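Analysis of the macromolecular model
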Amino acid sequence: MITVDCADIESKKDELLVYVSDMIGAIPTLKKHGFVLSPIKDDETIDKDKVVDSIKAYLESIGERENFSVISINDVLVIKSISGQTIEKESTHSSEVFFSCPHCGFSTRYEGDLYIHQKIHYL
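The text that follows walks through the structure, step by step, so that each part is easy to find. As the structure is a computational prediction, the values presented were derived from the model and not from experiment.

Section: the packing of aromatic side chains
- Throughout the structure, instances matching the rule amount to one aromatic pair.
- When the centroid spacing of 5.6 Å and the interplanar angle of 55° are considered together, the rings of Tyr-19 and Tyr-58 count as tilted. Note that Tyr-19 is positioned in helix H1 (residues 13-24) and Tyr-58 in helix H2 (residues 48-61), a separation of 39 residues in sequence.

What follows is the structure, encoded as structure tokens:
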């Protein structure tokens, strides 16, 4: 098993997990600030160099290769920012308004649909 610490690229952790696990053929497990790669078969091992190469390839694909370094400490790989800057989460705030039913959580963009839906709860 190899643990990858993604604290400095937290917003890209999910994409990195998918990319690396696909490249090396391993089973990923999410952690709070990273992920763990386990071999598919119990008698196999994961080549740490391949994991490092796939992480570097991912960083290259998003244009961040020169800003981050991969540090290997035993079976832990730490992705560390060279400049001290981290990759921030992109804003997913939408300008669209959604209306939500307080009874069941149903949501819609239209107030009229919500009104009709809420009537069902009072039949």
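Structure shown, so let's carry the discussion forward.
Comments concerning the pattern of salt bridges
- Enumeration according to the criterion identifies two salt bridges in this entry.
- The residue Lys-80 makes a salt bridge to Asp-8 at a minimum N-O spacing of 4.0 Å. Linking Lys-80 in strand S5 (residues 76-81) with Asp-8 in the loop between strand S1 (2-5) and H1, this pair joins segments that are 72 residues apart in sequence.
- Looking at Lys-80, the relative accessible area reads 42%, which means it is partly exposed.
- The closest approach of N and O atoms between Lys-13 and Glu-10, which form a salt bridge, is 3.4 Å.
- Here Lys-13 falls in the buried class, since its relative accessible area comes to 9%.

What about the nonpolar core?
- Counting residues in each nonpolar core, the largest one holds 21 residues, and the members touching the most others are Val-4, Leu-16, Val-51, Ile-55 and Ile-79.
- Among the secondary structure elements, those contributing two or more residues to this core are S1, H1, strand S3 (34-39), H2, strand S4 (68-73) and S5.
- The element contributing the most residues to this core is H2, with five residues.
- Excluding anything up to four places from it in sequence, Ile-55 contacts Val-4, Leu-16, Val-20, Val-70, Leu-77 and Ile-79.

Some details on the packing of H1 against H2
- With their axes 9 Å apart at the nearest point, H1 and H2 run at an angle of 135° to one another. Accordingly, the angle class assigned to the pair H1 and H2 is oblique. The handedness of the crossing between H1 and H2 is right-handed. Between H1 and H2, the contacting residues are Glu-15, Leu-16, Tyr-19, Val-20, Met-23 and Ile-24 on the first element and Lys-50, Val-51, Ser-54, Ile-55, Ala-57 and Tyr-58 on the second.

Quick notes on the pairing of S4
- In the sheet, S4 pairs with S5 via six bridges, with the strands oriented antiparallel. Note on S5: the bridge partner recorded for Ser-69 is Lys-80.
- Between S4 and the antiparallel strand that follows it, S5, lie two residues; Asn-74 among them carries a positive phi value of about 55°.

Let's talk about the side chain of Ser-54
- Looking at the element boundaries, Ser-54 is found in helix H2.
- In this structure Ser-54 comes out as buried when scored by relative accessible area, which is 4%.
- At 2.8 Å, the side chain of Ser-54 and the backbone oxygen of Val-51 are in polar contact.
- Setting aside anything within four residues of it in sequence, one finds Ser-54 in contact with Tyr-19, Val-20, Met-23 and Ile-24.

Rules used in this analysis
Residues numbered from 1 in each chain as written. Predicted model: local features only at pLDDT ≥ 70, side-chain atom pairs only at ≥ 80, totals over all residues. Heavy atoms only, no water. Phe/Tyr/Trp six-rings, centres within 6.5 Å; stacked < 30°, edge-to-face > 60°. Helix = DSSP H or I, 4+ residues; strand = E, 2+ residues; numbered from the N terminus. Salt bridge = Lys/Arg side-chain N within 4 Å of Asp/Glu carboxyl O. Buried < 20%, exposed > 50% of the residue type's maximum accessible area, 1.4 Å probe, protein only. Core = buried A, V, L, I, M, F, W, Y, C linked by side-chain atoms within 4.5 Å. Contact = heavy atoms within 4.5 Å. Axes fitted to C-alpha atoms, helices over the stretch in contact; angles between N-to-C directions. Parallel < 35°, antiparallel > 145°, perpendicular 65-115°, else oblique. Left-handed = near helix turned anticlockwise from the far one by under 90°. Pairing = 2+ DSSP bridges. Polar contact = N/O pair within 3.5 Å; in protein donor to acceptor, adjacent residues only side chain to side chain.

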